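Here is how the chains run, residue by residue.
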Amino acid sequence: MINFDNEWIINPGNQPISFSNLTPGKYSLQIRVSDENGTWSKNFREIEIIISPPFWRKPWAIISYVILFIGIQLLIFSAYRRREARKKEATLQEFKKKKEEELQSYKIEFFTNIAHEFRAPLTIISSHIHALLEDTLSTVKNPHLLKVYNNSIKLQKLVVEIMQFRKLEKGKEPLNIQVTKPVELINEVVSDLDMLAQQKDIYCEIIAPDTGFNFRTDADKFQRIFTNLISNAIKYNNPGGFVKVRIKSVNSSLTVEIEDNGVGIMPEHFQKVFEPFGISSARKKGSFPGYGSTGLGLAVTKGLVELLKGTISFESRLNEGTKFICVFPDVHEVNSGEMIKDPVDELNEISIIDKTGTETMVENSERLTGKPLILLVEDDSEILVLLRDFLQADYNIIFAENGSEAYKKVLSDKPDLIVSDLMMPEMDGIELCGKLRENFDTSHLPIILLTARAEIEDRIAGLKAGADSYIPKPFHPEHLKVRIEKLMQLRINIKRHFGKQDINSGLVKEIPDPFFQKLLSYIDENIDDETLSSEKLCDKLAISKSSLYNKTRAVLGTTPHSLIYRRRLSKAAALLRSTTMTVSEIIDHTGFPGRTHFYDLFNKAYGCSPSDYRNKPVGN
């Protein structure tokens, strides 16, 4: 069989010819015969045999297999792409959700900061109104009226800024475009700020090559923009400095530059300048000396500039000055009809508030003996004046404007109590409180936190830091005074009771200093140890003998040695009253070195022998 077996095969007689396992293809079967002598003929017969493949191996089947394979690959790839698309969509949805949460958190923080700005002026207003109610003089002559009025103006300005900011955010601030004279508008702004400039000895100059040109804009919003920029340039300038306003019209656009030689802005805070509360936050880190605005002014200013289709930018060098550049294109059409005046925008806090009465905080170097010393920590000078006026009749007062300065004064002046604001530059009230509690020499001092943040989370944070009291603004002055008196009286009671033999366990728990809790616990746990002494206490608590002595004298009014024996006598008295133990057993349980010593101390403390004390009625 050609193409299967090319060798001749002798087939036995009368047997069929068979081939198996033939693969599909063409074959030739050759046959020849032999005679009876075994001689094979030279001629042969040939039969062509074609074996067809099974249907699953035919070309069309193979093509189907290829198509099927490609289809499966495409299905797998399509499924993979759909899965990746779903994953991408899920990631996008999660990102959007996160952004929405961040936006919501930002809004909450925004209005929390607004509340903070409201509370400080409200504190001053309510306090002065309280003073007015108690004052018997005529209200016309009462000096508190001006302060009340000034702070009411501050509140009104805050409301205006909130309204402006919200309108700009929602795109609901209307434009009243009219033909105006920009130089005259800015002249009016500078005139309104003239009193503020004179108070700070700042020279203001307007530079305009052409003073009579016209420009189409919203006069009210235009003046709002430059009232804020020029007032900032004055407020954050140095005495004797200058503010230059350059106005020029070039190529159908108006350019206004406000340049000063004031404190400048730190480069790392450039991106925060136009953010709501961006500069206020930077100020807490000490980068904007003397900054005291709401933190909304520049955000509103930027919004107003963009509403007028303009751009605002700035250049600044620290301690050299700042230049704000505003460019307004002439693209607006004049409104038909009269301009609409918003009555709330007519408020000009800068020109109304009289700051000539601001008092300089000067500490009295002559402190009256017998009066406790209180440290007031507050970055608002008006609140410092208010607290000083209210407390100085009963206490010696010292001041600090931030937590860092306060900590130094605590170490140097050793006050009896601290009243601190929460939000301050450099070091806030929480940090100050924690630092004082961590220091062995200051951990016992009573601390009152005053703050505009009245949320429960803030209260918990303050109390966790170790504050004895947390008073939200606005507060009633009598509330603060009573709280100070109670904390001072508590310290006096602690000293008085630790000077006695029967120590009030309730007062022990009132001591906020964890050191004393640890000290008293160690004494009580080792009360039966005859070798317990002040030296052992120093070793256990890892402090010097002089520090332990000064600390116990200052807070408990006794010495460490005396404290140990008072605790022993108190424990012995309790055992005499509550058990049937013999005196000898009680002496062993309380660590007295000898019977005679115990009887001598007990007689001095309780005026009788241990046996007589046990037999006395409980009330005596």
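The structure under discussion appears in the preceding block.
Residue positions are counted from 1 within each chain, in the order its sequence is given. It should be noted that, the model being predicted, local features are given only for residues of pLDDT at least 70 and side-chain atom pairs only at 80 or more, the latter also being counted only at that level, while totals for whole chains, interfaces and linings use all residues. Side-chain numbers here rest on the full set of heavy atoms in the structure, without hydrogens or water.

(A) Structural detail: helix 20 (residues 595–606). Comment: elements are numbered from the N terminus, with helices defined as DSSP H or I runs of at least four residues and strands as E runs of at least two. An expected span of 1.5 Å times one less than the residue number is assigned to each helix. In this model helix 20 runs 16 Å from its N-terminal to its C-terminal C-alpha over 12 residues, within 8% of the 16 Å that 1.5 Å per residue would give. Residue burial is assigned from relative accessible area. The probe radius is 1.4 Å, only protein chains are included, and a residue is buried under 20% of its type maximum, exposed over 50%, and partly exposed in between. Among the residues of helix 20, F598, F602 and Y606 are the ones counted as buried. The arc that holds every buried residue of helix 20, seen down its axis, measures 30°, which confines them to one face. Opposite its buried face, helix 20 presents the exposed residues T596 and K604, each directed more than 90 degrees away. This arc describes the spread of directions from the helix axis toward the C-beta atoms.

(B) Structural detail: the pattern of salt bridges. The salt bridge criterion pairs a side-chain nitrogen of Lys or Arg with a carboxyl oxygen of Asp or Glu, the two atoms within 4 Å. Following the criterion strictly, the structure yields 17 salt bridges and no others. In this structure, K302 engages E306 in a salt bridge whose closest nitrogen and oxygen atoms are separated by 2.5 Å. Linking K302 with E306, this pair stays in helix 7 (residues 297–307), spanning four residues, or about one helical turn. Look at E306 and you get partly exposed, because its relative accessible area is 43%. Notably, a salt bridge pairs R567 with D524, separated by 2.5 Å at the nearest N-O pair.

(C) Representation of the environment of I47 in the model. Relative to the helices and strands, I47 resides in strand 2 (residues 45–51). Sequence separation of I47 and M1 is 46 residues, and the distance between their C-alpha atoms is 9.5 Å. Note on contacts: a residue pair is in contact if any heavy atoms of the two residues lie within 4.5 Å. Among residues more than four places away in sequence, those in contact with I47 are Y27, S28 and L29.

(D) Local environment of the pairing of strand 9 (residues 321–329). Between any two strands, at least two bridges found by DSSP are needed for them to pair. By the bridge criterion, eight bridges tie strand 7 (residues 253–260) to strand 9 in an arrangement that is antiparallel. Across the sheet, residue S253 finds its bridge partner in strand 9, namely P329. Here strand 8 (residues 311–317) runs beside strand 9; their pairing, made up of seven bridges, is antiparallel. Its bridge partner being in strand 9, F314 is matched across the sheet by F324.

(E) Representation of the pairing of strand 7 within the structure. Burial analysis of strand 7 places seven of its eight residues in the buried class, which makes it a mostly covered element. Summarising the sheet, strand 6 (residues 242–250) and strand 7 pair through eight bridges and their orientation is antiparallel. If you follow S249 over to strand 7, its bridge partner there is L254.

(F) Focus on the side chain of T590. With respect to the helices and strands, T590 occurs in helix 19 (residues 583–590). On the basis of relative accessible area, T590 is assigned to the buried category, the value being 0%. In contact with T590, not counting residues within four places along its chain, are I527, D528, R568, K571, A572 and L575.

(G) Summary view of the packing of helix 19 against helix 20. Here, axes are lines fitted to C-alpha atoms. For helices the fit covers the stretch in contact, and angles between N-to-C directions go from 0 to 180 degrees. Across the interface, helix 19 lies against helix 20 with an axial gap of 11 Å and an inter-helix angle of 90°. Compared by their axis directions, helix 19 and helix 20 come out roughly perpendicular. In contact with V583, S584 and I587 of helix 19, helix 20 contributes R595, F598 and Y599. For the contact of helix 19 with helix 20, the per-class residue count stands at four nonpolar, one polar and one charged. Convention used here: angles under 35 degrees read as roughly parallel, angles over 145 as roughly antiparallel, angles from 65 to 115 as roughly perpendicular, and any remaining angle as oblique. Residues were grouped as follows: Ala, Val, Leu, Ile, Met, Phe, Trp, Tyr, Cys and Pro as nonpolar; Asp, Glu, Lys and Arg as charged; and all remaining residues, including Gly, as polar.

(H) Summary view of the nonpolar core. If you look at the biggest cluster of nonpolar residues, it comprises 40 residues, and the most contacted ones within it are F226, I230 and F328. Sorting the residues of this core by element identifies helix 3 (182–192), helix 4 (194–199), helix 5 (219–235), strand 6, strand 7, helix 7, strand 8 and strand 9 as the ones contributing at least two each. Element by element, the count of residues in this core is highest for helix 5, at eight residues. In this text, buried Ala, Val, Leu, Ile, Met, Phe, Trp, Tyr and Cys residues form a nonpolar core when linked through side-chain atoms within 4.5 Å. Judged by nonpolar contacts, the second largest core, of 21 residues, contains I398, I418, M424 and C433.

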